[in-house]
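# Notes for the structure review
Listed below are the residues making up each chain.
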Amino acid sequence: MMRLELVKRPQHSVLFSAISPLIALVLTMIAGAIMFSILGKNPLDALYYYFIDPLRETWSLHELAIKAAPLILIAVGLSVCFLSNNWNIGAEGQFIAGAIAGSILPVVFPDFQTWLVLPLMLVMGVAGGAAYAAVPAFLKARFNTNEILTSLMLVYVAQLFLDWIVRGPWRDPGGMNFPETRDFHAFAILPELMPSAGRANWGIVFAVLAALILWFILRKTRKGFEIRVLGQSPRAGRFAGFSSSRMVMVAFLISGGLAGLAGISEVAGAIGQLQPSISPGYGFTAIIVAFLGRLNPLGIVAAGFVLALSYLGGEAAQISLGLSDKAARAFQGMLLFFVLGCDTLIHYRIRLAGRAMRGGEVTTNA
Amino acid sequence: MLESVLITIATAATPLLIAAIGELVVERSGVLNLGVEGMMVMGAVTGFGVAITTGSPWLGVFAAILVGAAFALLFGFLTLSLVTNQVATGLALTLLGLGVSGMIGEAFIGLPGVKMAPLVIPVLSDLPVVGRFLFAQAPLFYISILLVIGVSYFLFNTRAGLTLRSVGDNHDSAHALGIKVIAVRYAAVVFGGACAGLAGGYLSLVYTPQWIENMTAGRGWIALALVVFASWRPWRVLAGAYLFGAVSIGQLHAQVIGVSVPSQFLSALPYLATVAVLVLISRNRRLTMVNTPACLGRPFVPAR
């Protein structure tokens, strides 16, 4: 039996850091094609509907931007967390918290109608997301509590809270008992960029701006250096006088704030009201976006569009081929696997050693 | 009354217990597999599918174990052979499991399931109060208890268990002593996956014999929290699982009785309890430092 052997490269490979996401994409498509064949669909047709069809018309490019915006906003924030070794996986909850906090004005004070409403909503959305992210951050900084588990638990809490508030106190009084808030008034709607061409709104502009700003911070400022040092070697960071507990707060507040902005932008943009469910898992898919973009904000912009395409492609394949829209989620999961696997090539050379394997590599003792 | 409450607590606690005891072994070997939720949900959908196709819940359970182990093997290949980041790979496993299970399970939505019959032990089950709780449960209940006993014995009373712990505490020293670090970790990871799959099978074959998308509802994550709560001790996992079982059953009963608190708040209780418990445990830095496997989550590449 062949054995995999990793040989550490003296320096990380520039070539592979550039192409490993692409290799991962190609491998995902191959695996996807196999999956579609098993499901009894023509794999080429399926891949066409997934990756080409949504790009053919202007309105559908607008839809792509709508899906990409929250993914990019969240993933850019997550890159700060992941680079500094803070595992915020509760962005879905922070997205919801931002959406709820930002919706206070149009839902509770519907008669307050000036141009000030939208900017205030966005600020409150950022604050809501950041405040919700501050909980696991504080618990980690103060009590050393595992942030992965706490941030994730708070996702379920946020989802249940949203469900309660739209069915209970915030339910539209004139809404035939549907579990949704009143429609946002005109001053509370995020404007569309080119209303005649499609639905894309300012969300995508926020996303690209956020990516540019964070790229600058991470690459060109001392803070960015601090983030990366603390992520790679907390010990070295401490010697340099960087505080890792302050970094926990900074990273979580940035990513929570951006997730909150994504939440309120989605609600004030594409949806126009609060509903029991406002996200098809953007907070989790953004984790894949962050890694596919190699935790580089500019790479994340590109990756955001790729994952957005998988959502749209999932819908297109469902309509045209009757393929389950759940296939998109499976696809996204596979992609992350391949991305992580291919990243190994950056730091290691992989050699196949043709030696008999020693010991039972695979033993099930269940 | 007390008896029926105990029984329902056990049904809620058993899947948590099985998944957590598996993950405990994985973490004791120094590997952090955050994919428990994904392996569990795959176990649930596979177990359900195989059981309704063959009519045999036991074949369903067997398939659930296999699929959990297979998913874990995938995780092991990435994290152990390709040295990928364990946190990220675990998340990938969860996302993949949720996606694939949703896709496979679409055909099963609304179908009646096959419920595994309880195994009633004569005489003993007639004992007052605890009789039916301890001796008239689904077979997987007994297996969960045996797993705790077995894992506890294995870890602390056998040479192999000592080897596994040494790999988790100091993989460099273990390697220098000639222990096959990677092989040990593969075995632990696959065992953990098998347990997670079994826990998923319990959900769709015993707890609620039907398929609902995302039916694990965060139980895999709660199992991970339980391992921390238990500070990596098998018997404390048992206590923790029953504590959480009690919380989730308590809130369900409160919903049925119609307590004047919104049902969503009650449903949030198990998750909030998890956070609270994690805070309480991790506050005591010394306790967690002493018990955490020292190499937990750290990659190992043998030097040559």
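Since the structure is predicted, the reported quantities are computational estimates derived from the model, not experimental observations.

Helix and strand counts for chain A stand at 14 helices and 2 strands. Overall, chain A is about 75 × 60 × 45 Å in size when its C-alpha atoms are taken along their principal axes. Across the 366 residues in chain A, those meeting the buried criterion constitute 56%. Here the analysis covers contacts within chain A between residues at least 6 apart in sequence; of these, 77% occur between residues at least 24 apart.

A tally of helices and strands in chain B yields 13 helices and 2 strands. Whereas a compact globule of 304 residues would reach a radius of gyration of roughly 19 Å, chain B reaches 19 Å, a difference of no more than 12%. Across its three principal directions, the C-alpha atoms of chain B cover 60 × 45 × 40 Å. Relative to its 304 residues, chain B shows a buried fraction of 59%. Taken as a whole, chain B presents about 11500 Å² of accessible surface, with 70% of it coming from carbon and sulfur. Of the charged side chains in chain B, 15 are positive and 9 negative, and the gap between their average positions amounts to 13 Å.

It is common to give the size of an interface as the accessible area that goes away when the parts come together. In this complex, chain B contributes 56 residues to the contact, which on the side of chain A involves 53 residues. At the boundary of chain B with chain A, total buried surface from both sides reaches about 4700 Å², with 78% on carbon and sulfur atoms. The largest share of the area that chain B buries against chain A comes from Leu95, Met103 and Gln264 of chain B, three residues that together contribute 14% of it. Across the salt bridge formed by glutamate 213 of chain B and lysine 326 of chain A, the nearest N and O atoms sit 3.8 Å from each other.

With respect to the element layout, serine 60 of chain A can be found in helix 3 (residues 58–83). In contact with serine 60 of chain A, not counting residues within four places along its chain, are Pro54, Leu55 and Leu312 of chain A.

What follows deals with the side chain of asparagine 86 of chain A. Residue and element names in this part refer to chain A. Within the secondary structure, asparagine 86 is located in the loop between helix 3 and helix 4 (91–102). Within the structure, the side chain of asparagine 86 is placed 2.9 Å from the side chain of serine 84, a separation counted as a polar contact. Discounting residues that sit within four places of it in the chain, asparagine 86 has contacts with Cys81, Lys140, Glu147, Met247, Val248, Ala251 and Phe252.

To continue, consider the packing of aromatic side chains. Aromatic ring pairs are described here by two measures, namely the spacing of the ring centres and the angle between the planes. Residue and element names in this part refer to chain A. In this structure the tally under the stated criterion is 19 aromatic pairs over all chains. Plain terms: the ring middles of tyrosine 282 and tyrosine 311 are 5.7 Å apart, the flat faces sit at 70° to each other, and that makes the pair edge-to-face. With tyrosine 282 in helix 12 (residues 282–292) and tyrosine 311 in helix 13 (residues 297–321), the pair connects residues that are 29 residues apart, well separated along the chain. Taken together, Phe36, Tyr50, Phe51 and Phe331 form an aromatic cluster joined through their ring pairs.

All right, on to the confidence of the model for chain A then. Residues and elements named next belong to chain A. In this model, chain A carries a mean pLDDT of 88, and residues with pLDDT of at least 70 account for 95%. Within chain A, the lowest mean pLDDT, 77, falls on strand 1 (residues 3–8), and the highest, 96, falls on helix 4. A low-confidence stretch, residues 356–366 (pLDDT under 50), is modelled with 19 contacts involving residues beyond four sequence positions or located in other chains.

Time to look at helix 6 (residues 139–157) of chain B. Taking 1.5 Å of rise per residue, 19 residues should cover 27 Å, and helix 6 of chain B covers 26 Å from first to last C-alpha, within 8% of that figure. Of all the residues in helix 6 of chain B, the buried ones are Pro139, Leu140, Phe141, Tyr142, Ser144, Leu147, Val148, Val151, Ser152 and Leu155 of chain B.

Below, the discussion takes up the pattern of salt bridges. Pairing between side chains of opposite charge can happen when the charged atoms of each approach one another. Residues and elements named next belong to chain A. Scanning the entire structure with this criterion turns up 10 salt bridges over all chains. Across the salt bridge formed by lysine 140 and glutamate 147, the nearest N and O atoms sit 3.2 Å from each other. One salt bridge connects glutamate 226 with lysine 223, and the closest N-O pair in it is separated by 3.6 Å. Of this pair, glutamate 226 and lysine 223 both sit in helix 9 (residues 222–232), 3 residues apart, which is roughly one turn of that helix. For glutamate 226, a relative accessible area of 3% puts it in the buried group. Among the residues examined, lysine 223 registers a relative accessible area of 30% and is labelled partly exposed. Salt bridges linked by common partners bring Arg222, Lys223 and Glu226 together as one network.

Glancing now at the environment of leucine 74 of chain B. Along the chain, the position of leucine 74 of chain B falls in helix 3 (residues 57–81). In this view, leucine 74 of chain B contacts Phe337 of chain A together with Leu96 of chain B; residues no more than four positions away in its chain are not counted.

Reading the values: rules and limits
Residues numbered from 1 in each chain as written. Chains lettered and ligands numbered in written order. Predicted model: local features only at pLDDT ≥ 70, side-chain atom pairs only at ≥ 80, totals over all residues. Heavy atoms only, no water. Helix = DSSP H or I, 4+ residues; strand = E, 2+ residues; numbered from the N terminus. Buried < 20%, exposed > 50% of the residue type's maximum accessible area, 1.4 Å probe, protein only. Contact = heavy atoms within 4.5 Å. Rg over C-alpha atoms; globule rule 2.2 N^0.38 Å. Areas by Shrake-Rupley, 256 points an atom, 1.4 Å probe, with all protein chains shown as cover. Lys, Arg positive; Asp, Glu negative; His and termini not counted. Charge placed at Lys NZ, Arg CZ, Asp CG, Glu CD. Buried area = accessible area lost by both parts, 1.4 Å probe. Salt bridge = Lys/Arg side-chain N within 4 Å of Asp/Glu carboxyl O. Polar contact = N/O pair within 3.5 Å; in protein donor to acceptor, adjacent residues only side chain to side chain. Phe/Tyr/Trp six-rings, centres within 6.5 Å; stacked < 30°, edge-to-face > 60°. pLDDT = per-residue confidence, 0-100. Expected span 1.5 Å × (residues − 1).

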